[in-house]
Structures are given as structure tokens and as C-alpha cells.
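A closer look at the structure
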Amino acid sequence: MSVIHSQWLAEHALKRAGKKPLITFDSDLDLAERHLRRGYVGLDNPAFGQQLGMLVQYLRPQRQTVHSDRQFPGYQSSGADPGHPQQLCGELTNDALDRTGRLNGEHGWSESDRCPLYNRVNQQNALLKLSTLLNSTSPVDAIIRIGSRPIHQANLYRQQLGPCLPSWIKKGTCPAIVIALPELSAAQHALLDDCLVQAYLSMESREIGRQSYWLLDDKASGAGRTHPGKGFHR
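Right, let's walk through the structure included here. (Residues numbered from 1 in each chain as written. Predicted model: local features only at pLDDT ≥ 70, side-chain atom pairs only at ≥ 80, totals over all residues. Heavy atoms only, no water.)

1. Examining the nonpolar core
Put simply, the test is: Each nonpolar core is a collection of buried residues, namely Ala, Val, Leu, Ile, Met, Phe, Trp, Tyr and Cys, held together in the definition by side-chain atoms within 4.5 Å. The buried label applies to any residue whose accessible area, calculated with a 1.4 Å probe on protein chains only, is under 20% of its type's maximum; exposed applies above 50%, and partly exposed to all values in between. We count a stretch as a helix when DSSP gives it H or I for four or more residues in a row; a strand needs E for two or more, and each element gets its number in order from the N terminus.
Ranked by size, the top nonpolar core spans 21 residues in total, and within it Phe48, Leu52, Val56, Val66 and Trp109 carry the most contacts. Only helix H2 (45-59), strand E6 (142-146), strand E7 (176-181), strand E8 (199-202) and helix H8 (205-221) provide two or more residues apiece to this core. Counting residues in hydrophobic clusters, the runner-up holds 20 residues, among them Tyr157, Cys164, Ile179 and Leu181.

This is the structure:
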């Protein structure tokens, strides 16, 4: 199970689970409900976020304004904020962030006042809000997307944002777009080749799926074998 609303599940569906082994993947139960599952397989959020931050630092070493959807609740594994704000501001704790949770000039990085833009409804809505952001009077130097909704269908992304790219380059306002995604398709790779996206970071969703089924089989059989996965919380 990939969890969206932990408390609701605990109060409803999971009450009927009995002794059936439950494994969570990608998004875990909250701390108060974790006794209901046998194990969890997902990303190491802080490490994954740090890699996103490092990509932005490499692409935009001058350190300016970044827009991120990091505050989407429950989307990233365990529903936790990843670590790219800490990577960008040079701190390992949230103490470096202002009371809104945004970067505010630390190490030269600031987050947009409109960050995040909630656009999980569909790809068209995500693209509309992304293009609105990119065409705003307040330029954004880097965009971090935790989730691949805007490029779910690469051709739609290309149709909507492709014609704008030359004007952004001419004005010097073309942002570095970094996207975390489950798996990279050939069409999405072409967006990278054509500079419509500057970097991807894979969530390795297929490997998370394999490890989840391995762990479920292990818990169901009671074998207690050593887990073969690397780089995942279990």
C-alpha cells in the first residue's frame, strides 16, 4: 500500500486487515500508525532531496531564486519534505529556513512567494500553472518538481512549453528545470536533449516495487531472510 491519508486508513480500512501482512511503499504510514504495517520500502528522502539540491547548484551556481513543490503532503515517501532546501542553504536542519518554511536568501538562495503551486489534478493543469509561473514578471532561476506530472505525456509538455523556450533564452530568463520521476521514457529523454528539461532524478519505482514484493513474500512466509535491497528504507 502507498499511503495518502494515514489516520483515515487506520480508523477504517486497516481495522479489517487482521493479521494479514501489510507492506507500505513509496509513502509510509504516519508514526502513530506504523505499528499496523510489517515494513516499508521507499526513498531516503533527505538523501534524495540533497541530490536534487546538488543538481540545481550545479546548473545554477550563481545561486538565485528556486521554485519547488516540496510541500505537497504525502506525495514524497513518508510524506516528508526532502532535503534540497537544506542542501541549498548549506544547513542540515530546518533552523536555517524562515517561519514559512521557505528559503529566504540563505547562501544566495530564495524560494518564490508562490511556492508551491498545487497542481496534482491533471497534467494540463500542471502545465498551465508552470507556464504561468515561467511567464510571470518575477523570473525563477530554477524549478524543482518532485513528481513528473508536467511531463507525464512528453508531447503535451513540448507543445505547451517548446514555443516559449527561444524567447526565454533571448531574455536570459530560461530556468533550470529539475524533475524527479519514476522511470525515464524515450520521449522524456528527448525533452532533455532539446533543453526543455535540464535534469532528471530517478525515483527507481520499479526497484521499489521489486523490493516491496520481496519484503511482502518474506514477511508472509516468516523466512526472516536478509533483505537484498540497497538505498531504501524498509
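That was the structure; now back to the text.
2. A closer look at the environment of Phe48
Along the polypeptide, Phe48 turns up in helix H2. Put simply, Phe48 and Ser202 are 154 residues apart on the chain and 9.4 Å apart in space, counted from C-alpha to C-alpha.

3. Focus: the pattern of salt bridges
Here is the rule we go by: We define a salt bridge as a contact between a side-chain nitrogen of Lys or Arg and a carboxyl oxygen of Asp or Glu at a distance within 4 Å.
Throughout the structure, instances matching the rule amount to 4 salt bridges. A salt bridge links Asp194 to Arg158; its shortest N-O distance comes to 2.8 Å. With a gap of 36 residues between them, Asp194 in the loop between helix H7 (186-193) and E8 and Arg158 in helix H5 (residues 154-161) connect regions that are remote in the sequence. Accessibility expressed as a relative area gives 40% for Asp194, which makes it partly exposed. Arg210 is the salt-bridge partner of Glu207, the closest N and O atoms lying 2.9 Å from each other. With Glu207 and Arg210 both in helix H8, this residue pair falls 3 residues apart, about one helical turn. We classify Glu207 as partly exposed; its relative accessible area is 21%. Overlapping salt bridges, with partners in common, bring together Asp28, Arg34 and Arg37 in one network.

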